[in-house]
Amino acid sequence: MTRKLVSSGSYLEPEIGFSRAVRVGNTVAVAGTAPIAEGGGTDGVGDVYRQTARCLEIIAKALEEAGASLADVTRTRVMLTDISRWKEAARAHGEAFSGIRPACTFVAVSGFVDPDWLVELEADAVIA
């Protein structure tokens, strides 16, 4: 079975040794995705909603490069450094997935590689 690796250009991919997404057959796994701005740095510092939206933009692009779309997503994981702000992340998630409604889990974490990151998302997709 063919294995396709998708890169988002994150500076951490070569250092850690991971891909933004991996497609094997009709399954795509998207790695923990941080709110990295297009030119580098953090998009939406202090803003959980904007950071979540940026993560979803990066995920959508990775899925597209893997031959999938947000409509193919079956599961998401939303990781927050402050779980009390979950509704801000949920609003962005709902805007992207209200018609798709994948299985979804919200969890609290103690922190991320960059202290400006308030949220990271993962996604799994199955291409029909």
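Please refer to the structure higher up on the page.
Residues numbered from 1 in each chain as written. Predicted model: local features only at pLDDT ≥ 70, side-chain atom pairs only at ≥ 80, totals over all residues. Heavy atoms only, no water.

Draft legend 1. Focus on the overall build of the protein chain. For the protein chain, the helix and strand inventory stands at 3 helices and 6 strands. The linear arrangement of helices and strands in the protein chain, starting from the amino end, is β-α-β-β-α-β-α-β-β. For the protein chain, the C-alpha radius of gyration of 14 Å lies close to 14 Å, the compact-globule estimate for 128 residues. For the protein chain, the C-alpha atoms occupy an extent of roughly 40 × 35 × 25 Å along the three principal directions. Taking all 128 residues of the protein chain together, 41% fall into the buried category. Within the protein chain, counting contacts between residues at least 6 apart in sequence, those at least 24 apart form 68% of the total. Element-wise, carbon and sulfur atoms account for 52% of the exposed surface of the protein chain, whose accessible area totals about 6,600 Å². For the protein chain, the distance from the average site of its 13 positive side-chain charges to the average site of its 17 negative ones is 6 Å. (Helix = DSSP H or I, 4+ residues; strand = E, 2+ residues; numbered from the N terminus. Rg over C-alpha atoms; globule rule 2.2 N^0.38 Å. Buried < 20%, exposed > 50% of the residue type's maximum accessible area, 1.4 Å probe, protein only. Contact = heavy atoms within 4.5 Å. Areas by Shrake-Rupley, 256 points an atom, 1.4 Å probe, with all protein chains shown as cover. Lys, Arg positive; Asp, Glu negative; His and termini not counted. Charge placed at Lys NZ, Arg CZ, Asp CG, Glu CD.)

Draft legend 2. The side chain of H93, seen in detail. Tracing the sequence through the fold places H93 in helix α3 (residues 86-97). Classification of H93 as buried rests on a relative accessible area of 9%. A polar contact of 2.8 Å, which involves the side chain of H93, links it to the side chain of T76. (Polar contact = N/O pair within 3.5 Å; in protein donor to acceptor, adjacent residues only side chain to side chain.)

Draft legend 3. Structural context of the packing of helix α2 (residues 48-65) against α3. Across the interface, α2 lies against α3 with an axial gap of 7 Å and an inter-helix angle of 35 degrees. Relative to α3, α2 is oriented so that their crossing is right-handed. Taken together, the residues of α3 that come into contact with α2 (itself represented by V48, Y49, T52, A53 and L56) are E88, A89, R91, A92, H93, E95, A96 and F97. Among the residues forming the contact of α2 with α3, the class breakdown is 8 nonpolar, 2 polar and 3 charged. (Axes fitted to C-alpha atoms, helices over the stretch in contact; angles between N-to-C directions. Left-handed = near helix turned anticlockwise from the far one by under 90°. Nonpolar A, V, L, I, M, F, W, Y, C, P; charged D, E, K, R; others polar.)

Draft legend 4. Region of interest: the pairing of strand β2 (residues 21-24). Here strand β1 (residues 3-6) runs beside β2; their pairing, made up of 4 bridges, is antiparallel. Paired with K4 across the strands is R23, a residue of β2. Of the strand pairs in this sheet, β2 and strand β3 (residues 27-33) are connected by 4 bridges, and their pairing is antiparallel. Bridged to A21 within β3 is V30. The antiparallel hairpin formed by β2 and β3 contains 2 residues in its connecting segment, where G25 sits at a positive phi of about 65 degrees. (Pairing = 2+ DSSP bridges.)

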